[in-house]
Structure formats: structure tokens, C-alpha cells
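The primary structure of each chain is shown beneath.
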Amino acid sequence: MYYSRKRLTSDLPEEMTMIWSCTNEKCNGWMRDNFVFLAQPKCAQCNSFMEKGEKMLPVLANTSPNQTKN
Ligand SMILES: [Zn+2]
């Protein structure tokens, strides 16, 4: 039974998504790996280094023009 799990977002499917999260424990900055084009990104909020991780996120429609190359 999954009824106990409230869904605040609409009916978007979620998947484990590669992300970068800020290494500064006082900062909760993170970004999707899809949007990172550097080998070692820095946090946009505090400029700390970021580390790779995973997070459950709603699946994004792939609208990035850079990813439609054939
Ligand atoms: Zn940060």
C-alpha cells in the first residue's frame, strides 16, 4: 500500500537523478548533473566545491537544446 506516502507534487514520475551537492554543510545547494558542464563545479550559492550524488527528482522533460544532437 502506497497510500501513506503523500504526494505534494502532482503526478510527476520520479527517478534517481545524478546531482551535485554542495560540500558545505551549512548550505543546501545542489544542481542536476545534466546542467553541469564542468569537471568540478562550484556551488552557485556559496562557491564551495560540490560532490556527486543521487537524489529522487521528478523526471524532467528534456528541453535542453544541447542534448538533441544526433
Ligand atoms: Zn553551497
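Quantities reported herein were computed from a predicted structural model and do not represent experimental measurements.

## Examining the overall build of the chain
No. 1: Helix and strand counts for the chain come out as zero helices and three strands.
No. 2: Starting at the N terminus and ending at the C terminus, the chain contains elements arranged as β-β-β.
No. 3: When burial is assessed residue by residue, the chain has 4% of its 70 residues classed as buried.
No. 4: Within the chain, residue pairs in contact and separated by at least 24 positions form 52% of the contacts whose partners lie at least 6 positions apart.

## A closer look at the sheet that holds strand 3 (residues 50-58)
No. 1: Taken in spatial order, the three strands of this open sheet run 2-1-3, and their pairing is antiparallel. Of all strands in the sheet, those with a lone pairing partner are strand 2 (30-32) and strand 3, marking the two edges. In this sheet, adjacent strand axes meet at a mean angle of 40° when their direction is disregarded.
No. 2: Bridge count for strand 1 (residues 14-22) against strand 3 is nine bridges, and the pairing is antiparallel.

## Considerations on the pairing of strand 1
No. 1: Taken together, the three bridges between strand 1 and strand 2 define a ladder with antiparallel strand orientation. Opposite Trp20, over in strand 2, you have Met31 as the bridge partner.

## So, the environment of Cys43
No. 1: By secondary structure assignment, the location of Cys43 is in the loop between strand 2 and strand 3.
No. 2: Judged by local crowding, Cys43 falls into the partly exposed class, with 19 C-beta atoms found within 10 Å.
No. 3: In the structure, Cys43 is positioned 15 residues away from Asn28 in sequence and 9.5 Å away in space, judged by C-alpha atoms.

## What about unusual backbone geometry?
No. 1: The phi dihedral of Asn47 falls on the positive side, at around 70°, and the residue is not glycine.
No. 2: Looking at the secondary structure, you find Asn47 in the loop between strand 2 and strand 3.

What counts and what doesn't
Residues numbered from 1 in each chain as written. Predicted model: local features only at pLDDT ≥ 70, side-chain atom pairs only at ≥ 80, totals over all residues. Helix = DSSP H or I, 4+ residues; strand = E, 2+ residues; numbered from the N terminus. Buried ≥ 20, exposed ≤ 12 C-beta atoms within 10 Å, placed from the backbone. Contact = placed C-beta atoms within 7 Å. Pairing = 2+ DSSP bridges. Axes fitted to C-alpha atoms, helices over the stretch in contact; angles between N-to-C directions.

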